[in-house]
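For reference, the chains in residue letters:
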Amino acid sequence: PEDDRMLIDRLSRNVQIGLSSLWAHKLRSGLTTLGIVFGVASVICMLAIGEGLSYEARAQIQRLGSNNIIIRSVKPPATQQVQSTAGPGPSVLQYGLTYADVERIATTVPSVRVIVPSREIRKDIRFYNRSVEGTAVGTVPWYPAITGGRVVAGRFITTTDMRSAANVCVLSRSLVSELGGLHDPLNDVVRVGTDPYRVVGILDTGGPVQAGGPEASSRAGRELYIPLSAARQRFGELIVERQAGSMTMERVELHEAIAQVADSDQVLKTAEVVEVLLKRSHEKRDYEMIVPLQLLLEKERVKRLYNIVLGLMAAISLLVGGIGIMNIMLASVSERTPEIGIRRAIGAKKRDILTQFLTETILLSGLGGLVGILLGVSMPRLITYMTAMTTIVTAWAILLAFGISALVGLVFGYYPALRAANMDPIVALRHE
């Protein structure tokens, strides 16, 4: 116990002497620690941004469904377009997913547990005197269970609605906000184009998910869901667009199909099988496949590369800070040579001198680390405030950054401390 008290007293004296030495050269000490400050702040900020990106990626993939395979119809390039004509009328461009594709995937791929087909029709949606351009999505009753949607009022489409092609609809929560008004839409009537539909429910989709490219993201949040049978019966499969006196006609059976795989380990293999099936029945590339799990893996890879690049930048800052500390401690050893000679003459051992100067360097880097932590915690908040980017500061990031700053002080301060400890006392006393 007495030895422990002596050790504590010795360390306490070393800390006091070190603080006094640093305080005697406040400006020099402050400038020296800038490299450590910015290095530590960079480490924390980099890890916070990386964690934020990872969180957003996981949240987006969770909304898309990590076990899902999303297939969307895509208009093929002009060189691959095949026009069909029915009589003397205008030609019709036919492309995209078909009901036969969905049936083939459901019956021939055993790992697919369930598949959700859907068809999208751009229409004006009117509720009382408010009208917005939205998307009528013809789909099936199990759509919310596969896409992660949540019915917050009323109900979703049922099999009875499907069989009778009923004029019922479910509004997305975002569309309800867009339509506004003082009326509760539940059990009321909205018009899709000119057709009336009774609102039977409201669906919370969890926010727009940009899985289908810019075209899909532009209409995200303005969906109205109707039975797929009703969409097929009332809107047909022919899309007619008139622009500047010209008319184009396209035939698309389905715009999207979501296949859910029973086992997450089989997702990538199942995607390959589905790709083979679609290639056999589609001569032209008129579809795209989105595998959320694959997207997550890719984003994790990008995050690792991002962390490596920023980590190297932070390491350079810490290296510069460490060199600054070594430089200032070498100057301090030179200035305090007579003091070192006196201490050695009155009985101080080499280890005492070594410990004294190491204590000062660790204090210098540690104080710089504390300031860097304050700056590193503040910067992600500022980034979030200015750019709305998600940043997450974790406790282990702070501990890692502070540990690195202390290690930098120890590594770069060891040589000056060793030089001071190995100084000849007689030479040191004669130094002027």
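Keep in mind it's a predicted model, so treat the numbers as computed, not measured.

With that settled, the discussion passes to helix 8 (residues 228-235). Within helix 8, burial applies to L228, A230, A231 and F235. Seen along its axis, helix 8 keeps its buried residues to an arc of 160°; they face one direction.

Let us look at the nonpolar core. Within soluble globular proteins, side chains that are nonpolar tend to cluster in buried spots. I69, I71, I105, Y225, L278 and M289 are the most contacted members of the largest nonpolar core, which totals 41 residues. Among the nonpolar cores identified, the runner-up in size contains 29 residues, and V333, I353, L364 and A401 belong to it.

This model, assessed by the stated rule, comprises 11 salt bridges. Ionic pairing is found between E298 and R301, a salt bridge with its closest N-O pair at 2.8 Å. Of this pair, E298 and R301 are both found in helix 10 (residues 292-335), three residues apart, which corresponds to roughly one turn of the helix. Judged by relative accessible area, which is 39%, E298 ranks as partly exposed. Linked through salt bridges whose partners overlap, the residues forming this network are R72, E120 and E256.

The next subject is the packing of aromatic side chains. In this description, a pair of aromatic rings is defined by centroid distance and the angle of the planes. The tally for this structure, following the rule as stated, stands at four aromatic pairs. An angle of 10° between the planes, with centres 6.2 Å apart, marks the rings of Y143 and F156 as stacked. One end of the pair, Y143, is in helix 4 (residues 143-147); the other, F156, is in the loop between strand 6 (150-154) and helix 5 (159-164), with 13 residues separating them in the sequence. A residue is classified by how much of its surface remains accessible, and F156, at 7% relative accessible area, is buried. Geometrically, the ring pair formed by F156 and Y225 is tilted, given 6.0 Å between the ring centres and 55° between the ring planes. Within this pair, whereas F156 is found in the loop between strand 6 and helix 5, its partner Y225 is found in strand 10 (residues 223-227), the two being separated by 69 residues in sequence. Through pairs of rings, three or more aromatic residues link up here, namely Y143, F156 and Y225. Above the ring of Y99, the side-chain terminus of R232 is found at 3.9 Å from the ring centroid.

A cluster of nonpolar side chains, namely L27, L31, L34, F38, L375 and M379, defines an oily patch on the protein surface of about 560 Å² accessible area. If you tally residues by element for the nonpolar patch, the top one is helix 2 (residues 26-64), at four residues. Take L34: it is sitting in helix 2. According to the relative accessible area criterion, L34 is partly exposed, its value standing at 37%.

Among the five residues that make up strand 10, five are buried, leaving the element largely enclosed by the rest of the structure. Relative to strand 10, strand 5 (residues 130-139) runs parallel, the two sharing five bridges. Among the inter-strand pairings, V137 is bridged to a residue of strand 10, identified as Y225. In this structure, strand 7 (residues 168-172) lies alongside strand 10, joined through two bridges in antiparallel fashion. Bridging from a neighbouring strand, L171 pairs with L224 of strand 10.

Okay, the confidence of the model for the protein chain next. Predicted confidence across the protein chain gives a mean pLDDT of 81, with 87% of residues reaching 70 or more. Element-level pLDDT for the protein chain is lowest in helix 7 (residues 213-219), with a mean of 41, against a maximum mean of 94 in helix 5. Long-range and interchain partners of residues 208-219, a stretch whose pLDDT sits below 50, account for 18 contacts in this model, where long-range means more than four residues apart.

This brings us to the packing of helix 10 against helix 13 (residues 395-421). Packing of helix 10 against helix 13 leaves a shortest axis separation of 9 Å and a crossing angle of 30°. With respect to their mutual orientation, helix 10 and helix 13 come out roughly parallel. Here helix 10 and helix 13 pass one another in a crossing that is right-handed. Together, L318, L319, G322, I323, M326, M329, L330 and V333 of helix 10 and I404, V408, F412, Y415, P416, R419 and A420 of helix 13 make up the contact between the two elements. When grouped by side-chain class, the residues that make up the contact of helix 10 with helix 13 number 13 nonpolar, one polar and one charged.

How each quantity is defined
Residues numbered from 1 in each chain as written. Predicted model: local features only at pLDDT ≥ 70, side-chain atom pairs only at ≥ 80, totals over all residues. Heavy atoms only, no water. Buried < 20%, exposed > 50% of the residue type's maximum accessible area, 1.4 Å probe, protein only. Helix = DSSP H or I, 4+ residues; strand = E, 2+ residues; numbered from the N terminus. Arc of directions from axis to C-beta. Core = buried A, V, L, I, M, F, W, Y, C linked by side-chain atoms within 4.5 Å. Salt bridge = Lys/Arg side-chain N within 4 Å of Asp/Glu carboxyl O. Phe/Tyr/Trp six-rings, centres within 6.5 Å; stacked < 30°, edge-to-face > 60°. Lys NZ or Arg CZ within 6 Å of the ring centre and 35° of its normal. Patch = residues over 30% accessible without salt bridge, like charges linked within 9 Å, V, L, I, M, F, W, Y side chains within 5 Å. Areas by Shrake-Rupley, 256 points an atom, 1.4 Å probe, with all protein chains shown as cover. Pairing = 2+ DSSP bridges. pLDDT = per-residue confidence, 0-100. Contact = heavy atoms within 4.5 Å. Axes fitted to C-alpha atoms, helices over the stretch in contact; angles between N-to-C directions. Parallel < 35°, antiparallel > 145°, perpendicular 65-115°, else oblique. Left-handed = near helix turned anticlockwise from the far one by under 90°. Nonpolar A, V, L, I, M, F, W, Y, C, P; charged D, E, K, R; others polar.

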